[in-house]
Amino acid sequence: MTALYASGYAKLNLYLNVIGKRDDGYHNIESVMQAVTLRDDMEILLGTKEPWLIDSDRDDVPRNEDNLCWRAAELFFGAIGEDPDGLTVHILKRIPMGAGLAGGSTDAAALLRALDVYYDKRLSLDALCQLGAKVGSDVPFCILGGTAITEEKGQLLFPIIHEPQAYYVIVKPEASISTKEMYEQLDREGIPAANDTKRIVNGFRNQNVAQIAKNLYNVFEPLAIQRVPEIGKIKQQLKQHGALNAQMTGSGSAVFGIFDSLETAMEACDTLREKYPETFLATNGDFDEA
Ligand code: ATP
């Protein structure tokens, strides 16, 4: 039996706009996605000689084919034409679920990356991303990590190389939001006037966290605040505690504050955690370098 270890990192949408509806029923999006250090850890056992099994310390993580890891593994082994002779995946879940943090997608991405390394990189990065896109639209980004502009269903990726270090306090209110319902509401109410990624991307070019913070955007946020007013309150509290700006990620319900000071972010994290137990401190860089 072989044990592999992998980590899947949470994704934040620093910018998220919906461009229109596609003929296949999905939506074209334009987003700036950021991988951060809040992570799930996984142990992957190959050759267990037992039926496939997924389990987690959290009871609500799906344990069967509904787990994105299952589908990712099926596609991977199908693509390379191998049978692992039993697969067990243990997931230590830290990323809040149903939060817009791509928790399921990032686990699937971590599994794909780990399997590909173990099987001598038989699939190129491009092939791995194409396979990941079949599992979920955030999976290709989660495979690449870092910062990227993503377009269409999420499968077109343009990496942004200049990443100034920022600190994020991520808060998940108790309520979750269904991504499907958010898109349906947007279809009914219409997509607001165009916005674009230029300003936030310039913030990256200039290595300027304040400029990035000033140009956060999420088309779903006003709709989500109507449903879960707590989201608006969390945004205010993050700003009161020193965030340069705060915004919801994905279709919610998690909110993040962006900081240029680790110390201020730590203080804000401690304060908000008293009220919201699912509050986390993360960075796009390395805590040790702070
Ligand atoms: P996204 O940002 O991609 O919309 P999310 O962060 O809102 O995703 P997830 O944490 O991925 O949401 O969970 C959404 C649902 O996906 C869960 O309710 C769960 O049923 C399912 N799921 C499948 N695989 C996983 C996994 N490995 N971890 C967590 N949830 C998973």
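**Examining the site of the ligand**
Phase 1 of the analysis: In the region of the ligand, 19 residues are neighbours, and Asn67, Gly100, Ala102, Gly104 and Asp138 sit closest.
Phase 2 of the analysis: Separating a nitrogen atom of the ligand from a side-chain N or O atom of asparagine 67 is a distance of 3.0 Å.
Phase 3 of the analysis: The backbone of glycine 104 places a nitrogen or oxygen atom 2.8 Å from an oxygen atom of the ligand.
Phase 4 of the analysis: Surface burial for the ligand is 76%, taken as the share of its 610 Å² of free accessible area covered by protein chains.

**Overview of the sheet that holds strand 9 (residues 245-248)**
Phase 1 of the analysis: One open sheet accounts for four strands, arranged 9-10-7-11; its pairing is antiparallel. Looking at strand neighbours, the two that pair on one side only are strand 9 and strand 11 (279-283), the edges of this open sheet. Each strand of the sheet is rotated relative to its neighbour by a mean of 25°, with strand direction disregarded.
Phase 2 of the analysis: This element, helix 9 (residues 230-240), spans strand 7 (167-171), strand 9 and strand 10 (255-259) of the sheet and lies at about 15° to strand 10.

**Focus on the domain arrangement of the protein chain**
Phase 1 of the analysis: Entries for the protein chain in the domain assignment read domain 1 (2-159) and domain 2 (167-283).
Phase 2 of the analysis: On a C-alpha basis, the centres of domain 1 and domain 2 stand 23 Å from each other.
Phase 3 of the analysis: The interface of domain 1 with domain 2 comprises 29 residues on the first partner and 34 residues on the second.
Phase 4 of the analysis: Buried surface at the junction of domain 1 and domain 2, both sides included, amounts to about 2500 Å², of which 65% is carbon and sulfur.
Phase 5 of the analysis: The largest share of the area that domain 1 buries against domain 2 comes from Leu14, Tyr15 and Leu16, three residues that together contribute 25% of it.
Phase 6 of the analysis: If you look at where domain 1 meets domain 2, you find two salt bridges.
Phase 7 of the analysis: Between glutamate 278 and arginine 58 there is a salt bridge whose closest N-O contact spans 3.6 Å.
Phase 8 of the analysis: Seen at the junction of domain 1 and domain 2, the total is 15 residue pairs in polar contact (both at pLDDT 80 or more).
Phase 9 of the analysis: Listing elements by their share of the side of domain 1 that touches domain 2, those giving two or more residues are strand 1 (2-21), strand 2 (27-46) and strand 5 (147-152).
Phase 10 of the analysis: Class assignment of the residues belonging to the side of domain 1 that touches domain 2 gives a composition of 15 nonpolar, nine polar and five charged.

Quick notes on the rules
- Residues numbered from 1 in each chain as written.
- Predicted model: local features only at pLDDT ≥ 70, side-chain atom pairs only at ≥ 80, totals over all residues.
- Heavy atoms only, no water.
- Near = heavy atom within 4 Å.
- Polar contact = N/O pair within 3.5 Å; in protein donor to acceptor, adjacent residues only side chain to side chain.
- Areas by Shrake-Rupley, 256 points an atom, 1.4 Å probe, with all protein chains shown as cover.
- Pairing = 2+ DSSP bridges.
- Helix = DSSP H or I, 4+ residues; strand = E, 2+ residues; numbered from the N terminus.
- Axes fitted to C-alpha atoms, helices over the stretch in contact; angles between N-to-C directions.
- Contact = heavy atoms within 4.5 Å.
- Domains from an automatic or database assignment.
- Buried area = accessible area lost by both parts, 1.4 Å probe.
- Salt bridge = Lys/Arg side-chain N within 4 Å of Asp/Glu carboxyl O.
- Nonpolar A, V, L, I, M, F, W, Y, C, P; charged D, E, K, R; others polar.

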